[in-house]
Amino acid sequence: QVQLVESGGGLVQAGGSLRLSCTASGRTFSSRAMGWFRQAPGKERDFVAGISWNGGNTYYTDSVKGRFTISRDGAKNTVYLQMNSLKPEDTAVYYCAARGYGSVTYSDTKDYDYWGQGTQVTVSS
C-alpha cells in the first residue's frame, strides 16, 4: 500500500514558478516509478511528467518540456515537480501517482496504482 500526499500548489502570475512535492508512505516507494498528472475543469486527466524508480529516466509531455523538471529523493520518499515559466494554460489540479509494477507506459492513467488527493495550481495572466 502506498499513500501519497501532494503539496506546494497555489496562485502564481504567468512567468512565475512553483515546486510541487509528493511525499509517499509505504515501503514500496523506492521501487516504483512515479508520475505527475493534471486535470483542468471539464477535461481529462493528462500526463505531465514521469520518473523511473531510480531517477535515471524522466519523461515529459511536449507542452512542459524545458519548463518543468521532475525529480525524486529516495531518502525523503518524495517526488518533486519544479515548474518554471508558468502559463495560464498550466492551471489545473495536479496529482502525483505511483506506477504499477510491470506497466509499459508512463502516460496512461491506467498504469498507475495509487494516487494523491491533488493540489490546485492557478496561473493568472
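Here, every reference points to the structure presented above.
These figures come from a predicted structure and were not determined experimentally.

Draft legend 1. Layout of the state of the cysteines. As enumerated under the stated definition, the model contains one disulfide in all. Across the disulfide from Cys 22 sits Cys 96; the S-S distance is 1.9 Å. Looking along the S-S bond of the Cys 22-Cys 96 disulfide, the torsion reads about 45°, which is the right-handed sense. Of this pair, Cys 22 sits in strand β3 (residues 18-25) while Cys 96 sits in strand β9 (residues 92-99), and the two are 74 residues apart along the sequence. Per residue, the accessibility class of Cys 22 equals that of Cys 96, and both read buried.

Draft legend 2. Representation of unusual backbone geometry in the model. In this model, Asn 77 sits at a positive phi of 50°, which is unusual for a non-glycine residue. Structurally, Asn 77 is set in the loop between β7 (68-73) and β8 (78-83). For Asn 77, a relative accessible area of 21% gives the class partly exposed. One non-glycine residue, Ser 85, lies in the positive phi region at around 50°. Note on placement: Ser 85 falls in the loop between β8 and β9.

Draft legend 3. Focus on the sheet that holds β3. With antiparallel pairing, the four strands of this open sheet are ordered in space as β1-β3-β8-β7. Sheet topology places β1 (3-7) and β7 at the edges, where each strand pairs with a single neighbour. Pairwise comparison of adjacent strand axes, ignoring direction, gives a mean angle of 15° for this sheet. Looking at chain direction, β1 and β3 are connected through five bridges and run antiparallel. Paired with Ser 7 across the strands is Ser 21, a residue of β3.

Draft legend 4. A look at the pattern of salt bridges. Under the counting rule described, the total for this entry stands at four salt bridges. Taking the shortest distance from any N to any O, the salt bridge between Arg 67 and Asp 90 comes out at 2.8 Å. Of this pair, Arg 67 sits in the loop between β6 (58-60) and β7 while Asp 90 sits in the loop between β8 and β9, and the two are 23 residues apart along the sequence. When sorted by exposure, Arg 67 lands in the same class as Asp 90, which is buried.

Draft legend 5. Summary view of the nonpolar core. Counting residues in hydrophobic clusters, the biggest one holds 28 residues, and the most contacted among them are Leu 4, Trp 36, Leu 81, Met 83 and Tyr 94. Counting residues per element, the ones that place at least two in this core are β3, β4 (34-39), β5 (45-51), β7, β8, β9 and β11 (119-124). In contact with Leu 81, not counting residues within four places along its chain, are Leu 18, Arg 19, Leu 20, Trp 36, Val 48, Ala 49, Phe 68, Thr 69, Ile 70 and Tyr 94. In terms of nonpolar packing, the next biggest core, distinct from the first, is built from six residues, Phe 37, Phe 47, Tyr 106 and Tyr 112 among them.

What counts, and where the lines are drawn
- Residues numbered from 1 in each chain as written.
- Predicted model: local features only at pLDDT ≥ 70, side-chain atom pairs only at ≥ 80, totals over all residues.
- Heavy atoms only, no water.
- Disulfide = S-S within 2.5 Å.
- Helix = DSSP H or I, 4+ residues; strand = E, 2+ residues; numbered from the N terminus.
- Buried < 20%, exposed > 50% of the residue type's maximum accessible area, 1.4 Å probe, protein only.
- Pairing = 2+ DSSP bridges.
- Axes fitted to C-alpha atoms, helices over the stretch in contact; angles between N-to-C directions.
- Salt bridge = Lys/Arg side-chain N within 4 Å of Asp/Glu carboxyl O.
- Core = buried A, V, L, I, M, F, W, Y, C linked by side-chain atoms within 4.5 Å.
- Contact = heavy atoms within 4.5 Å.

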